[in-house]
Amino acid sequence: MNESMNIGPDLAPPSVASPPVAPPLAALLELTHRCPLQCPYCSNPIELERAKGELSTVEWLRVLDEAAELGVLQVHFSGGEPAVRRDLPELVAHARRIGLYSNLITSGVTLDRARLAALAEAGLDHVQLSIQDVDHQTAAYIANYPGVQGKKLAFARWVREVGLPLTLNAVVNRHNVSRVERMIDLAVTLGAGRVEVAHVQYYGWALRNRAALMPTLAQVQEATQRVEAARQRLRGQIVIDYVVPDYYARQPKSCMGGWGRQFLNITPSGEVLPCHAAQTIPGLTFDSVRNRPLAEIWTTSDAFQAYRGTAWMPEPCRSCDQREVDWGGCRCQALAITGTAAAADPACALSPAHQVLRGLADVASDAPAPDFSYRRMTPQQSAAKVAATAR
């Protein structure tokens, strides 16, 4: 986008002679927003969907068929907590029958060993287990769930006992950042093949709780050094992925591999999104699998076309030699910080709002941490209002 074009702040220009759209690599299926945990950094939207609006078993089975026909290779069963759905084994079994690799993203607190074994028998390929901390008290505080760490440790052992590969997701914030090395060592002890040490990304609930979660730059730098040391120490034993907070970055991440390039997200009620937080962007309408075929939504819907590719980019993104590496970064973060989804991602050092982003991090991390606003399925202020008040 150049400044001579009269384009609304949150709508990209129509593409011209767009190349054919390749199929997505992966689909995140949010089976439900129900969850026993109340993590203050949850990637679910502020306005959570109720069980009565969720897709039925028949509808999810059709979605799996359409995903396979589209060319999706991986499906990630997520939530909320996907295990609260009684039809999860049926969905897993169907994914196996039609050749989809399946991954379960879970809190690990609602499944017993028998149900986990049933999922393995149904054809589940992999489990991702999130942890809040290695410290039991802090983990319970973050999840607002007494005894959560003990349940997770037992579940992780069951995963290995039934023969499933395990990835441990360690979500890092100011309350646990000093223990990243211990979280990595825990992953090794539990037999995980991979651990993702990911600092909180500030969208949705995390944006609401930014002041309660943001570590200082010094803490992030120390954590980064500890992760790098662990990579050297544990080379060949475990794969360690590391995600830094955008607020302290100088170059944006390729969010979801680029808008509408490799990934799609389906909400409990069937809306198809390019990323978890896309519903915060005003002016975009997201089609539902209840009303339109998945392949048609992926290839031609206005929402997926809006920021796909590079034609929509403003300067300095449009002329940047990294434009097909980071694909402009995160649209939802641009909206949250600048008020305009089409703006350059403030995580980029070349963005006019880069110092604003860093200033917000400094203010949040220097002050005492306030109480959490826990993720709860109760009426909340709108996501748009949260984004507006965060600036």
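Being a predicted model, the structure only gives us computed values, none of them experimental. In this convention, every chain numbers its residues from 1, walking through the sequence in written order. In view of the model being predicted, local features appear only for residues whose pLDDT reaches at least 70, and side-chain atom pairs are presented and counted only at 80 or more, with totals across whole chains, interfaces and linings using the full set of residues. Side-chain measures were taken over the full set of non-hydrogen atoms in the model, leaving aside hydrogen atoms and water.

Trainee: I keep staring at the overall build of the chain and nothing clicks. Help me out?
Mentor: In this text, helices come from DSSP runs of H or I with a minimum length of four residues, and strands from runs of E with a minimum of two, each type numbered from the N-terminal end. For the chain, the helix and strand inventory stands at 14 helices and nine strands. Expected size for 391 residues packed as a compact globule is a radius of gyration near 21 Å; at 20 Å, the chain falls within 12% of this value. Considered along the principal axes of its C-alpha atoms, the chain spans approximately 60 × 50 × 45 Å. Per-residue accessibility, obtained with a 1.4 Å probe over protein chains only, is compared with the maximum for each type, and a residue is labelled buried under 20%, exposed over 50%, and partly exposed between these values. Burial statistics for the chain: of 391 residues in total, 53% are counted as buried. Contacts are residue-level and defined by heavy atoms, with any inter-residue pair within 4.5 Å sufficient. A sequence separation of at least 24 residues applies to 73% of the contacts in the chain between residues at least 6 apart. When charges are tallied, Lys and Arg are placed among the positive residues and Asp and Glu among the negative ones, while His and the ends of the chain are skipped. By convention, the charge on Lys lies at NZ, on Arg at CZ, on Asp at CG and on Glu at CD. One way to put it: in the chain the 38 positive side-chain charges average out to a point 4 Å from where the 38 negative ones average out. As defined in this context, the radius of gyration uses C-alpha atoms, and a globule is described by 2.2 Å times the residue total to the power 0.38.

Trainee: What is the right way to read the state of the cysteines from this model?
Mentor: One covalent bond between the sulfur atoms of two cysteine residues makes up a disulfide. Any cysteine sulfur atom paired with another within 2.5 Å is treated as part of a disulfide. Enumeration according to the criterion identifies zero disulfides in this entry. Cys348 supplies the cysteine sulfur nearest to Cys320, a cysteine that is in no disulfide, at a spacing of 6.3 Å.

Trainee: Would you mind going over the side chain of His94 with me for this structure?
Mentor: If you trace the backbone, His94 turns up in helix 2 (residues 88-97). Judged by relative accessible area, which is 12%, His94 ranks as buried. Leave out the neighbours within four places in its chain, and His94 touches Leu61, Leu64 and Asp65.

Trainee: Where do I start with helix 9 (residues 217-233) in this structure?
Mentor: An α-helical segment advances 3.6 residues per turn. Residues three or four places apart therefore align on the same side. The terminal C-alpha atoms of helix 9, which comprises 17 residues, lie 24 Å apart, in line with the 24 Å expected from a rise of 1.5 Å per residue. Every buried residue of helix 9 is accounted for by Val220, Ala223, Val227 and Ala230. All buried residues of helix 9 lie within an arc of 85° about the axis, which places them on one face of the element. Among the exposed residues of helix 9, those oriented more than 90 degrees off its buried face are Ala218, Gln225 and Gln232. Multiplying 1.5 Å by the residue count of a helix minus one yields the expected span of that helix. What the arc measures is the spread of directions leading from the helix axis to the C-beta atoms.

Trainee: Just checking my understanding: could you explain the environment of Cys332 for this structure?
Mentor: In this structure, Cys332 sits in helix 12 (residues 331-338). The spacing of Cys332 and Arg235 is 97 residues in sequence and 35 Å in space, taken between C-alpha atoms. Excluding anything up to four places from it in sequence, Cys332 contacts Tyr203, Cys275, Ala277, Ala278, Thr280 and Ile281.

Trainee: Would you take a moment to explain the sheet that holds strand 2 (residues 74-78) for this structure?
Mentor: Backbone hydrogen bonds hold the strands of a sheet together, and the pairing may be parallel or antiparallel. What the nine strands build is an open sheet, ordered 7-6-5-4-3-2-1-8-9; its pairing is mixed. Looking at strand neighbours, the two that pair on one side only are strand 7 (239-243) and strand 9 (272-273), the edges of this open sheet. Strands are labelled as partners when DSSP assigns at least two bridges between them. Bridging between strand 5 (residues 166-172) and strand 6 (residues 194-199) involves six bridges; their strand directions are parallel. Residue pairing for strand 6: Thr167 is matched across the bridge by Arg194. Orientation is described by lines fitted to C-alpha atoms, with helices fitted over the stretch in contact, and by angles between N-to-C directions that extend from 0 to 180 degrees. Docked against the sheet, helix 2 engages strand 2 and strand 3 (101-106), running at close to 175° with respect to strand 2. Packing against the sheet, helix 6 (residues 180-189) makes contact with strand 4 (126-131), strand 5, strand 6 and strand 7, and its axis sits at approximately 170° to strand 5.

Trainee: Would you mind showing me how to read the pattern of salt bridges here?
Mentor: Note that side chains of opposite charge can pair when their charged atoms are close. Only one rule defines a salt bridge in this text: a Lys or Arg side-chain nitrogen within 4 Å of an Asp or Glu carboxyl oxygen. As enumerated under the stated definition, the model contains 18 salt bridges in all. Taking the shortest distance from any N to any O, the salt bridge between Glu54 and Arg85 comes out at 3.1 Å. You can see Glu54 sitting in the loop between strand 1 (26-30) and helix 1 (57-70) and its partner Arg85 sitting in the loop between strand 2 and helix 2, a full 31 residues away along the chain. For Arg62, the salt bridge goes to Glu66, with nearest N and O atoms at 2.9 Å. You can see Arg62 and its partner Glu66 sitting in helix 1, four residues apart, about one turn around the helix. A relative accessible area of 31% means that Arg62 is categorised as partly exposed.

Trainee: Quick question: what am I supposed to make of the packing of aromatic side chains here?
Mentor: Any Phe, Tyr or Trp ring, taking Trp's six-membered ring, that has another such ring centre within 6.5 Å forms a pair; planes under 30 degrees apart are called stacked, those over 60 apart edge-to-face, and the others tilted. Considering all chains together, one arrives at six aromatic pairs under this definition. Ring geometry for Phe372 and Tyr374: centres 5.6 Å apart, planes at 70°, overall edge-to-face. Judged on exposure class, the residue Phe372 and its partner Tyr374 are both buried. One aromatic cluster in this structure is built from Tyr141, Phe372 and Tyr374. Placement of a positive charge over a ring is assigned whenever Lys NZ or Arg CZ falls within 6 Å of the ring centre and within 35 degrees of the normal to the ring plane. Sitting over the face of the ring of Trp298, Arg308 holds its NZ or CZ atom 4.9 Å from the ring centroid.

Trainee: How do you make sense of the environment of Thr138 when you look at a structure like this?
Mentor: Looking at the secondary structure, you find Thr138 in helix 4 (residues 136-143). Since its relative accessible area comes to 16%, Thr138 is described here as buried. Between the C-alpha atom of Thr138 and that of Asn176, which follows or precedes it by 38 residues, the distance is 7.7 Å. Those residues in contact with Thr138 that lie beyond four places of it in its chain are Asp133, His175 and Arg179.

Trainee: Explain the pairing of strand 3 here, please?
Mentor: Within a regular strand, the side chains alternate between the two sheet faces. Note that strand 2 and strand 3 share four bridges and pair parallel. Along strand 3, the bridge assignment pairs His76 with Asn103. We call a crossover right-handed when, viewed with both strands directed away from the observer, the connection leading from the first strand over the helix to the second proceeds clockwise. Handedness of the crossover joining strand 2 and strand 3 through helix 2 is recorded here as right-handed. Of the strand pairs in this sheet, strand 3 and strand 4 are connected by four bridges, and their pairing is parallel. Across the sheet, residue Leu104 finds its bridge partner in strand 4, namely Val127. For the handedness criterion, the β-α-β arrangement of strand 3, helix 3 (residues 113-122) and strand 4 is classed as right-handed.

Purely geometric stuff here, so don't read any function into it on its own.
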